Structure formats: structure tokens, C-alpha cells
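As a plain string of letters, each chain reads:
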Amino acid sequence: MDVYTMTNGCELTIRLRGELDHHAAQETVTAIERALDAALPRRLTLDFGGVTFMDSSGIAVALRSQRRMTALGGGMVLTNVPPQAKKVFDAAGIACGARKT
Amino acid sequence: MKIKPNNYIALEFLSRSANEGFARAAVAAFASQLDPTLDELGDVKTAVSEAVTNAIVHAYPDALGKISLRVGIYDGNVLEIVVRDWGCGITDIDKAREPLYTTGGEERSGMGFTIMESFMDSLTVRSKPERGTVVTMKRRIAQRSGRK
Ligand SMILES: Nc1ncnc2c1ncn2[C@@H]1O[C@H](COP(=O)(O)OP(=O)(O)OP(=O)(O)O)[C@@H](O)[C@H]1O
Ligand SMILES: [Mg+2]
């Protein structure tokens, strides 16, 4: 899993690329938390545009990031979520922005 | 009576997380002979990933163990996937299948069985504490006109 970060004022965008499964989850969480600690943003955008596969391990990654943002007094949005990952989020009742085509 | 599959594969692997992607890819490659849509393939891969990850994470929490994966094709374009482990087993299967139920802490969401159930046509779970778990899932792949 590749994790790219981009800060713009108090907004942090994290782009994920690759397969987000249990095998990739721990390093992804570590990279996200490190980026959050460094930037202390008010708003986090998790960009799923490059996620080629996701299972329930990805739900836990998103929820942990969300909790971290709430603790920072900010908010989080999920964007560019591809259809396969969107279906997984839907099954868990998590709202997310679908990929713009 | 046991119905014989028209085709099958059987794999065995160690409960290392690196094998999650391998298991998904193997099932997808085998299932491709049924000419599934991208959506159907995505559903099957997701369900396989959930079952295999459960065996890796929950069945053998502090050790490496054996996982078997069997994929069969039956009459009517039905794909059957069986994931078996010889790990700790599940005491209360009904409870384990409930949405949000997890023994995995904040690294897990408790949605694995719910996803398998909603992405596949059927899901059965057999388990015995200290003996292991067998997860069987079926999904009919739609036959599309104009293709054989
Ligand atoms: N193969 C298995 N061996 C032992 N226990 C299992 C096995 N599969 C599932 N379980 C038990 O059932 C519970 C529910 O499984 P489920 O896949 O629904 O959620 P999870 O794995 O905890 O979280 P998620 O799948 O969302 O990451 C697990 O927390 C675990 O206690
Ligand atoms: Mg699970």
C-alpha cells in the first residue's frame, strides 16, 4: 500500500494506492497516524482513488482515522471510492463519496 | 448424497497475511472460466478475503497454522468456496455472525461474516472449539447471452 500526503493549510489529503486488506492495514494505519501527528489538520480527506481492492480491514482503517480526527476536533471525508470498496463501506453503513467519472 | 463438481482446485497455505492477496488472486483466476462480470468477481474476491483473513487473524492468533481453500464449479454456473482451518474454533457461531460482533479489538470492525453473507448467495459456518472452522460460500455466476 502506497500512502501519499498533501497538506494545504489546515487541510490534509491522504491518497491511498494498492490493495487495502489485513496484510496492508497496519502499515497504512501507522502512515496515516504519523501524517496526522505531523500536520494536526482540522480536516482530513482520505482519497481512495487508487485503492484496487478493499475488505473489512479497510473499514477499521477508516474508522480509526475518523476517531483520530474527532480527537483533534476536526472531521474526515472519504472521496473517490471505487465501486468495489464502496460496496464494502455500504455493507457497513459508512457514507462515502464515490469515484467521479 | 454428494454432488460432484464439474471442476475444482484445492490449495493449502500457511496462515501468513501475505497469502491473503494470493488466495484472492487464485480464486479470481480459477473463477474466470465462468466469465464473471467485474462486479461478480469483486464480490467473490471480497468474500474470500474475509474468510481467509478470519482464519489468519482469529483461528491462529499467536501461531502459524494450516489453511485450506477449495473452489468448485457446479452445474448451473455455481461457484462454491470452502475455507477451512484447524485453529481455535468458534464457541457461539450465531453471535459471531452478528454485525459488529468482534473479538479483534479496534483493528477489526466485526463486519466480515456480514459481508460474506451479503456478497454471496449462501454462507454456512461449521466450527468446533479447539478443532477448527469450515466456512462454505456459494455464488451463482450469471450466464450472459452471446457468450458460451
Ligand atoms: N476462522 C475463525 N476461527 C476462530 N474464530 C473466528 C473465525 N472466524 C471468525 N471468528 C470469530 O468471529 C468473529 C466475527 O468475525 P467477522 O469476520 O464477522 O468480524 P471480525 O473478523 O472480528 O472483523 P472484520 O472481519 O470486520 O475485520 C471474530 O471476531 C472471531 O471472534
Ligand atoms: Mg473478519
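Structure shown above.
Everything in this summary refers to the structure shown in the same document. Model, not experiment: these values are computed from the prediction. (Residues numbered from 1 in each chain as written. Chains lettered and ligands numbered in written order. Predicted model: local features only at pLDDT ≥ 70, side-chain atom pairs only at ≥ 80, totals over all residues. Heavy atoms only, no water.)

## What about the overall build of chain B?
Along the backbone of chain B there are four helices and five strands. What you see in chain B, going N to C, is helices and strands ordered as β-α-α-β-β-α-α-β-β. What you see for chain B is a C-alpha radius of gyration of 15 Å, in line with the 15 Å of a compact globule of 148 residues. On the principal axes, the C-alpha backbone points of chain B span a range of 50 × 35 × 25 Å. (Helix = DSSP H or I, 4+ residues; strand = E, 2+ residues; numbered from the N terminus. Rg over C-alpha atoms; globule rule 2.2 N^0.38 Å.)

## A look at the interface of chain B and chain A
In this complex, chain B contributes 23 residues to the contact, which on the side of chain A involves 19 residues. Linking chain B with chain A are five salt bridges, by the criterion used here. Measuring nitrogen to oxygen at the nearest pair gives 3.2 Å for the salt bridge that ties Arg-64 of chain A to Glu-106 of chain B. Counting the contacts that link chain B with chain A gives 13 residue pairs in polar contact (both at pLDDT 80 or more). (Contact = heavy atoms within 4.5 Å. Salt bridge = Lys/Arg side-chain N within 4 Å of Asp/Glu carboxyl O. Polar contact = N/O pair within 3.5 Å; in protein donor to acceptor, adjacent residues only side chain to side chain.)

## Some points on the site of ligand 1
The environment of ligand 1 is formed by 21 residues, the closest being His-58, Thr-102, Thr-103, Arg-108 and Ser-109 of chain B. Neighbouring residues of ligand 1 are distributed over chains A and B. Side-chain polar atom of Asn-54 of chain B to an oxygen atom of ligand 1: 2.8 Å apart, as the coordinates give it. The contact in question runs from an oxygen atom of ligand 1 to an N or O atom on the side chain of Ser-109 of chain B, over 2.7 Å. In the complex, the protein chains occlude 96% of the 600 Å² of accessible area that ligand 1 would expose alone. (Near = heavy atom within 4 Å. Areas by Shrake-Rupley, 256 points an atom, 1.4 Å probe, with all protein chains shown as cover.)

## Overview of the pairing of strand 3 (residues 43–54) of chain A
Residue and element names in this part refer to chain A. In the sheet, strand 2 (residues 11–20) pairs with strand 3 via nine bridges, with the strands oriented parallel. Pairing of Gly-18 across the sheet is with Val-51, part of strand 3. Of the pairings in the sheet, the one linking strand 3 to strand 4 (residues 75–79) comprises five bridges and is parallel in character. Across the sheet, Asp-47 pairs through a bridge with Thr-79, a residue of strand 4. Since strand 3 and strand 4 lie parallel, the crossover through helix 2 (residues 56–71) that links them has a hand, and here it is right-handed. (Pairing = 2+ DSSP bridges. Right-handed = clockwise from strand over helix to strand, strands pointing away.)

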